[in-house]
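A look at the structure
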Amino acid sequence: MGESSDSVSIDIDMVSFGEKECVVVKTSRGAISVCVCGDQEKPALITYPDVALNYMSCFQGLLYCPDAASLLLHNFCIYHIDAPGHELGADVISSDAPLLSVDDLADQVAEVLDYFGLKQVLCLGVTAGAYILTLFAILLNLLYFYGMCGVLKECLLQRYFSKEFRCGMHGSESDIIQACRRLLDERQSLNVVRFLQAVNERHDITEGLNKLQCKTLMFVGESSPFHAESAYMSTKMGRKKCALVEVQACGSLVTEEDPYAMLIPIEFFLMGLGYCRQPYFASSSSNGTNPASPASYSCITPELLSPESLGIKLKPIKTRMDIEI
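Residues numbered from 1 in each chain as written. Predicted model: local features only at pLDDT ≥ 70, side-chain atom pairs only at ≥ 80, totals over all residues. Heavy atoms only, no water.

**Points about the sheet that holds strand β4 (residues 77-81)**
Reading across from one edge, β1-β2-β4-β3-β5 is the order of the 5 strands in this open sheet, with mixed pairing throughout. Looking at strand neighbours, the two that pair on one side only are β1 (20-27) and β5 (121-125), the edges of this open sheet. For this sheet the average axis-to-axis angle between neighbouring strands, irrespective of direction, equals 25°. When β1 meets strand β2 (residues 30-37), the two strands line up antiparallel, connected through 8 bridges. (Pairing = 2+ DSSP bridges. Helix = DSSP H or I, 4+ residues; strand = E, 2+ residues; numbered from the N terminus. Axes fitted to C-alpha atoms, helices over the stretch in contact; angles between N-to-C directions.)

Set out below in structure tokens:
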């Protein structure tokens, strides 16, 4: 655990993710913002968002679900790591500061774990964040969980969400898309470009995937521009170690676009790893007619509910089935 002089408390006037403390951890590669949610005596779950997003904009859809709060916040202490310069209220990173590589970002994650005294963690990353955490897991062999200007803003929205979700009903944008636009307007463009440049210059980690000794749960949206890459990555990891969950009619940011599709796969994945939790009750937004609803077990493929999927032998699955009427 680092000394108290190495952290600075910061105030975030936002809707709570539960009991939380936000600190700035000073690493050898610069300061990094970490928001700690929950009881630090519980097992640790760390998150890392995609380019131009922070932990609020990337994971609030998932963690605001009452079912997810029961599943994750009840069982874990969550350490939300933001990429440098992506935290709320961030200043522009000085042009004199060295441009960090993906290895530097992964090393920052390791130093954050050292600061909090974490010896074993689960990791939840989205797209670029998933790459950073995978690289971190390969380097340290830890437990891995399962992947601006106007032009850049539109490119990022296309990266995050499916075309159907971006267009919305009758051509009107949803509240989530509008909120994301506002967030991108507020983001420091130069900071985003630095993170994006680091990700674009990333090296191929395919051959290192066989070094992972942990189970991995990977989500990919059916309309994600990285769908083929996710399928390829899961194949290289092998069915005994990795389960690929394809979420229909969804882009890359599954945590925001269709978080309910993640709940049951995550629950059974955690059960397979031996994590226990109190039963949750479906929220009012899960009315049983939604195929991704926790109450709709009949629409989950049998492979997910089989004993083999409970951390013993995971199979590629889909969260929805075509049902003939």
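**Some details on the side chain of H86**
In this fold, H86 is placed in the loop between β4 and α3 (102-116). A polar contact of 3.1 Å, which involves the side chain of H86, links it to the backbone oxygen of P84. Setting aside anything within four residues of it in sequence, one finds H86 in contact with V51, A52, L53, N54, R187, N191, V192 and F195. (Polar contact = N/O pair within 3.5 Å; in protein donor to acceptor, adjacent residues only side chain to side chain. Contact = heavy atoms within 4.5 Å.)

**Points about the nonpolar core**
Core analysis: the biggest nonpolar cluster contains 94 residues, and V34, L72 and F116 have the highest contact counts within it. If near-sequence neighbours (up to four positions away) are discounted, L72 is found in contact with L45, L62, L63, I78, I266 and L270. (Core = buried A, V, L, I, M, F, W, Y, C linked by side-chain atoms within 4.5 Å. Buried < 20%, exposed > 50% of the residue type's maximum accessible area, 1.4 Å probe, protein only.)

**Focus on the layout of surface pockets**
Quantified by volume, the second largest pocket comes out at close to 440 Å³. Those elements that provide at least two residues to the lining of the second largest pocket are α1 (55-63) and α7 (175-186). With 7 residues, α7 is the largest single contributor of residues to the lining of the second largest pocket. Considered class by class, the residues forming the lining of the second largest pocket number 9 nonpolar, 6 polar and 6 charged. (1 Å grid on protein atoms, 1.4 Å probe; cavity = no way out; pocket = protein on both sides within 12 Å on 5 of 7 lines; lining within 4 Å. Points joined across faces, edges and corners; volume = space filled by probe spheres on them. Nonpolar A, V, L, I, M, F, W, Y, C, P; charged D, E, K, R; others polar.)

**Some details on the confidence of the model for the chain**
Across the chain, the average pLDDT comes to 78, with 74% of residues at or above 70. The secondary structure element of the chain with the lowest average pLDDT is helix α12 (residues 302-305), at 44, and the one with the highest is β4, at 96. When the criterion is pLDDT under 50, residues 1-16 qualifies, and its contacts beyond four places in sequence or with other chains add up to 32 contacts. Confidence over residues 278-317 falls short of pLDDT 50; this stretch has 94 contacts with residues more than four positions distant or in other chains. (pLDDT = per-residue confidence, 0-100.)

**Some thoughts on the pattern of salt bridges**
Close approach of charged atoms allows side chains of opposite charge to pair. If you walk through the whole model with that rule in mind, you get 7 salt bridges. A salt bridge links D104 to R29, with the nearest nitrogen and oxygen atoms 2.9 Å apart. On the criterion of sequence distance, the pair formed by D104 in helix α3 and R29 in the loop between β1 and β2 is long-range, its members being 75 residues apart. On the accessibility criterion, R29 (31% relative accessible area) is partly exposed. Here R29 makes a salt bridge to E111, at a shortest N to O gap of 3.5 Å. Note that R29 is positioned in the loop between β1 and β2 and E111 in helix α3, a separation of 82 residues in sequence. Since its relative accessible area comes to 24%, E111 is described here as partly exposed. (Salt bridge = Lys/Arg side-chain N within 4 Å of Asp/Glu carboxyl O.)

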